[in-house]
Amino acid sequence: MRVDHYDEADFVRTLDPDGRVVGDVPDLSDDRLLAIYRDMVVTRHFDERMVSLQRQGRVGTYAPAVGQEASQVGSTHALRDDDWLVYQYREHGAVSVRGLTAEYLTYWMGHEHGNASLVDQHVAPLNITIADQIPHAVGMAWGARLKGDDTVVVCHFGDGATSEGDFHEAANFAGVFETPCVLFCNNNGWAISHPAERQTASETFAGKADAYGFPGVRVDGMDPLATYRVTREAVERARRGDGPTLVEAVQYRYGAHTTADDPSAYRDEAEVERWRERDPLDRYEAFLRDRGLVDDTVAEEIEAEARETVATVIDEAESFEPSPLEMFDHAFAESTPEVEAQRAAFERALDEHGRDAFLRE
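Anyway, here's the lowdown on the structure attached to this text. (Residues numbered from 1 in each chain as written. Predicted model: local features only at pLDDT ≥ 70, side-chain atom pairs only at ≥ 80, totals over all residues. Heavy atoms only, no water.)

### Looking at the overall build of the chain
Okay, step 1: Of regular secondary structure, the chain possesses 13 helices and eight strands.
Okay, step 2: Computed over the C-alpha atoms, the radius of gyration of the chain is 21 Å, within 12% of the 21 Å expected from 2.2 N^0.38 for a compact globule of 361 residues.
Okay, step 3: For the C-alpha atoms alone, the extent of the chain along its principal axes is close to 70 × 50 × 40 Å.
Okay, step 4: Residues classed as buried in the chain amount to 53% of the 361 residues present.
Okay, step 5: In the chain, once contacts between residues fewer than 6 apart in sequence are set aside, the share between residues at least 24 apart is 75%. (Helix = DSSP H or I, 4+ residues; strand = E, 2+ residues; numbered from the N terminus. Rg over C-alpha atoms; globule rule 2.2 N^0.38 Å. Buried < 20%, exposed > 50% of the residue type's maximum accessible area, 1.4 Å probe, protein only. Contact = heavy atoms within 4.5 Å.)

### A closer look at the packing of aromatic side chains
Okay, step 1: Evaluation of the coordinates by the stated rule reveals 16 aromatic pairs.
Okay, step 2: With a centroid separation of 5.6 Å and 55 degrees between ring planes, the pair formed by Phe157 and Phe167 is classed as tilted. Placement of the pair is Phe157 in strand 3 (residues 153-158) and Phe167 in helix 8 (residues 165-177), with a sequence separation of ten residues. Each member of the pair, Phe157 as well as Phe167, carries the same accessibility label: buried. (Phe/Tyr/Trp six-rings, centres within 6.5 Å; stacked < 30°, edge-to-face > 60°.)

### Concerning the side chain of Thr227
Okay, step 1: If you trace the backbone, Thr227 turns up in helix 9 (residues 224-239).
Okay, step 2: In this structure the side chain of Thr227 is engaged in a polar contact, spanning 3.2 Å, whose partner is the backbone oxygen of Ala70.
Okay, step 3: Among the polar contacts made by the side chain of Thr227, one reaches the main-chain carbonyl oxygen of Pro224 at a distance of 3.0 Å. (Polar contact = N/O pair within 3.5 Å; in protein donor to acceptor, adjacent residues only side chain to side chain.)

### Here's the deal with the packing of helix 2 (residues 30-55) against helix 11 (residues 280-290)
Okay, step 1: Relative orientation of the contacting elements helix 2 and helix 11 amounts to 155 degrees, with a least axis distance of 11 Å. Overall, the two elements helix 2 and helix 11 adopt an arrangement that is roughly antiparallel. Seen along the crossing, helix 2 lies across helix 11 with a hand that is left-handed. Judged by residue contacts, Leu33, Leu34, Ile36, Tyr37, Met40, Val41 and Arg44 of helix 2 engage Pro280, Leu281, Tyr284, Glu285, Phe287 and Leu288 from helix 11.
Okay, step 2: When its residues are assigned to classes, the contact of helix 2 with helix 11 shows eleven nonpolar, no polar and two charged. (Axes fitted to C-alpha atoms, helices over the stretch in contact; angles between N-to-C directions. Parallel < 35°, antiparallel > 145°, perpendicular 65-115°, else oblique. Left-handed = near helix turned anticlockwise from the far one by under 90°. Nonpolar A, V, L, I, M, F, W, Y, C, P; charged D, E, K, R; others polar.)

### Thoughts on the nonpolar core
Okay, step 1: Leu33, Tyr37, Met50, Tyr104, Trp108, Tyr284 and Leu288 are the most contacted members of the largest nonpolar core, which totals 47 residues.
Okay, step 2: Listed by contribution, the elements that provide at least two residues to this core are helix 2, helix 3 (69-77), helix 4 (92-97), helix 5 (102-108), helix 9, helix 11 and helix 12 (296-318).
Okay, step 3: With ten residues, helix 2 is the single largest residue contributor to this core.
Okay, step 4: With near-sequence residues (within four places) excluded, Leu288 lies in contact with Leu33, Leu34, Tyr37, Leu293 and Val294.
Okay, step 5: Ala124, Ala137, Phe157 and Tyr212 belong to the second-largest nonpolar core, a separate cluster that totals 24 residues. (Core = buried A, V, L, I, M, F, W, Y, C linked by side-chain atoms within 4.5 Å.)

### Things to note about the sheet that holds strand 4 (residues 181-187)
Okay, step 1: Taken in spatial order, the six strands make up an open sheet running 2-1-3-4-8-7, and their pairing is parallel. At either margin of the open sheet sits one strand with a lone partner, and together these are strand 2 (123-124) and strand 7 (216-220).
Okay, step 2: Sitting on the sheet, helix 3 is in contact with strand 1 (84-86), strand 3, strand 4 and strand 8 (245-250), with an inclination near 165 degrees to strand 4.
Okay, step 3: Of the strands in this sheet, strand 3, strand 4, strand 7 and strand 8 touch helix 9, which is tilted by about 155 degrees from strand 7. (Pairing = 2+ DSSP bridges.)

### Description of the environment of Tyr252
Okay, step 1: Turning to its location among the elements, Tyr252 is positioned in the loop between strand 8 and helix 10 (269-276).
Okay, step 2: Since its relative accessible area comes to 0%, Tyr252 is described here as buried.
Okay, step 3: Taking C-alpha positions, Tyr252 is 8.8 Å from Arg276, a pair spaced 24 residues apart along the chain.
Okay, step 4: Excluding its chain neighbours within four sequence positions, the residues that come into contact with Tyr252 are Val66, Gly67, Gln68, Asn188, Trp190, Met222, Arg267, Glu271, Val272 and Trp275.
Okay, step 5: A polar contact of 3.5 Å, which involves the side chain of Tyr252, links it to the side chain of Trp190.
Okay, step 6: At a separation of 2.7 Å, a polar atom in the side chain of Tyr252 contacts the side chain of Glu271.

### Considering the pattern of salt bridges
Okay, step 1: Counted according to the given criterion, the structure contains 20 salt bridges.
Okay, step 2: Between Asp16 and Arg20 there is a salt bridge, with the nearest N and O atoms lying 3.0 Å from each other.
Okay, step 3: For Asp16, a relative accessible area of 10% gives the class buried. (Salt bridge = Lys/Arg side-chain N within 4 Å of Asp/Glu carboxyl O.)

### What to know about the packing of helix 3 against helix 9
Okay, step 1: Put simply, helix 3 and helix 9 touch, their axes get as near as 7 Å, and they point 40 degrees apart. Classed by the angle they form, the pair helix 3 and helix 9 counts as oblique. When the axes of helix 3 and helix 9 are compared, the crossing they make is right-handed. Across the interface between the two elements, Ala70, Ser71, Gly74, Ser75 and His77 from helix 3 touch Pro224, Thr227, Tyr228 and Thr231 from helix 9.
Okay, step 2: Tallied by class, residues from the contact of helix 3 with helix 9 come to three nonpolar, six polar and no charged.

Structure below.
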């Protein structure tokens, strides 16, 4: 996916790159419009801080989301609180809409309880393996339908995931059984170092839905109002019992695939700068300013709130004192004699040598 491909794409758009209205504006209250903006600002600031923390050795490998805030936040605002969100690993904005917590940050610090805590927010724990979560999401949606539950499952994944068998098996099942789900493909142009055009010979990723008998929609993923509108329509369709939708959100990741990646090895910085001209925060703020909902004072207040929110989350997460014995808790749903023997041996070692003996400077 190159920049001119973005220009020529036939997709749903509400705001042009300068924030001018060029499509239908969803019927949202001023409070909701501002809430979307706040969540995008929090996501951007969280992302910047997380990359900084990783470089300082305070969190583990991290997947930056900068540039993709609009698709994540806009689509999640289109859900009910009890709808399920199944994400891959980059959708921090989607998780943030449900409430950014210290527990979420502790997951990126290496503590599994932070992953499990997301269930309370109707967010399924992430599975880092590419596309593995898609069959699970479709299965969750099928289960809801069998129970007569009208909740909908929205599953996020990247364009690279469509090259995995899990995607095709899940999409086929979803189409046959008309499961109430939305398959949300975040096409950010790159699957690590592989460009989108190396993933498929199809004209679009949304077009893959035709093979499975349900609609596919392309949307400007750097436009929060367009992603809200498209996701809302797909969710309502699923809730009516009309089956799934595949959404392809066309966007770009400014940063690296993860903090272990060097994007300069495979892409031109000039391309990144051209995409920054379509920045989702800038264009949405321009729209809000034109509506009189944001001025310099409001923007500064929201930025300050975001910094305070993220700082509080970081402080709380870093005050967490885990037990090293917890590493044995999640090996199996029901522990085995071998695992218990290892736990006992490690506990004896801790008692004999102390925790500091196992820490690395």
